[in-house]
Amino acid sequence: MRILIVEDDPNIAGEISRALVEGHYLVDIAQDGEEGEDLALSNDYDLILLDIMLPKRDGRAVCKAIRDEGIATPILMMTAMGQDEDVIHGLDVGADDYLVKPFRMGVLLARVRSLTRRRSEQKTTQLTAADLVLDTVKRTVSRSGVVIDLTAKEFALLEYFLMNKGRVLTREMISEHVWDMNFDPRSNVVDSLVRFLRQRIDKDFSPVLIHTVRGVGYRLMDEE
């Protein structure tokens, strides 16, 4: 899953980003309202963490602009402005939740899990293929009961494969949905990431799940 943090304090943004990356989320960071709005309107995020008091463009204006464009991505507003009227205003312009600073990181991560879980169209928190199980809430992966440790990008790639099981995914599709905004489309990192993921989930198991579609991309299948 990919999350956008719009926060002008680099220390706060960095702390949140590190916690999310450890939880296998992909993260983009914007340091002012204009940049945050541009990223939110041009990329497909699973969640937006939005500060209110931002340079160049107020967070509430950013939230309203996102909703005016018909984008339903969950938005969690973060601010030191904790009066009832501030909360009401934030929710009225389209925010889904409101977190007052300072907050504990554990509370923020719980809100993140809650909001991303609500957005998911899956009826279960588990995505499966053959004997492989990925839990979208616990952020865990196992195959034949063996726990498999994945990096954040490997987890995001596997999640994307499982959500599109049986469908051919081109390298461009993978880069747009799995990578962050710093991805270089000229590189071979997509192929490298797929190779690393295969080493983790296919090398010592049967059947092989990830298949190459020559000249096109990749597909995850339950059976050979």
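Above this text you will find the structure in question.
This text gives an overview of the structure that appears in the document. None of these values were measured; they are calculated from a predicted model.

Quick notes on the rules
- Residues numbered from 1 in each chain as written.
- Predicted model: local features only at pLDDT ≥ 70, side-chain atom pairs only at ≥ 80, totals over all residues.
- Heavy atoms only, no water.
- Salt bridge = Lys/Arg side-chain N within 4 Å of Asp/Glu carboxyl O.
- Helix = DSSP H or I, 4+ residues; strand = E, 2+ residues; numbered from the N terminus.
- Buried < 20%, exposed > 50% of the residue type's maximum accessible area, 1.4 Å probe, protein only.
- Axes fitted to C-alpha atoms, helices over the stretch in contact; angles between N-to-C directions.
- Parallel < 35°, antiparallel > 145°, perpendicular 65-115°, else oblique.
- Contact = heavy atoms within 4.5 Å.
- Nonpolar A, V, L, I, M, F, W, Y, C, P; charged D, E, K, R; others polar.

1. Notes on the pattern of salt bridges
A side chain with one charge may pair with a side chain of the opposite charge, provided their charged atoms come close.
Here is step 1: Under the definition given, this model contains 15 salt bridges.
Here is step 2: A salt bridge links Glu159 to Arg139, with the shortest nitrogen-to-oxygen separation between them at 3.9 Å. A residue pair is termed long-range when its members are at least 10 positions apart, and Glu159 in helix H6 (residues 152-163) and Arg139 in the loop between strand E7 (132-135) and strand E8 (140-143) qualify at 20 residues.
Here is step 3: Residue class for Arg139 comes out buried when judged on its relative accessible area of 10%.
Here is step 4: Between Asp222 and Lys165 there is a salt bridge, and its shortest N-O distance comes to 3.4 Å. Here Asp222, found in the segment after strand E12 (217-220), pairs with Lys165, found in the loop between H6 and strand E10 (169-170); they are 57 residues apart in sequence, far enough to count as distant.
Here is step 5: A relative accessible area of 38% places Lys165 in the partly exposed class.
Here is step 6: Here the salt bridges share partners, and the residues they tie into one network are Glu7, Asp51 and Lys101.

2. As for the packing of helix H7 (residues 171-178) against helix H8 (residues 189-201)
Here is step 1: In the contact formed by H7 and H8, the axes pass within 10 Å of each other and the chain directions differ by 80°. One element, H7, and the other, H8, form an angle in the roughly perpendicular class. Across the interface between the two elements, Arg171, Ile174, Ser175 and Val178 of H7 pack against Val190, Asp191 and Leu193 of H8.
Here is step 2: Considered class by class, the residues forming the contact of H7 with H8 number four nonpolar, one polar and two charged.

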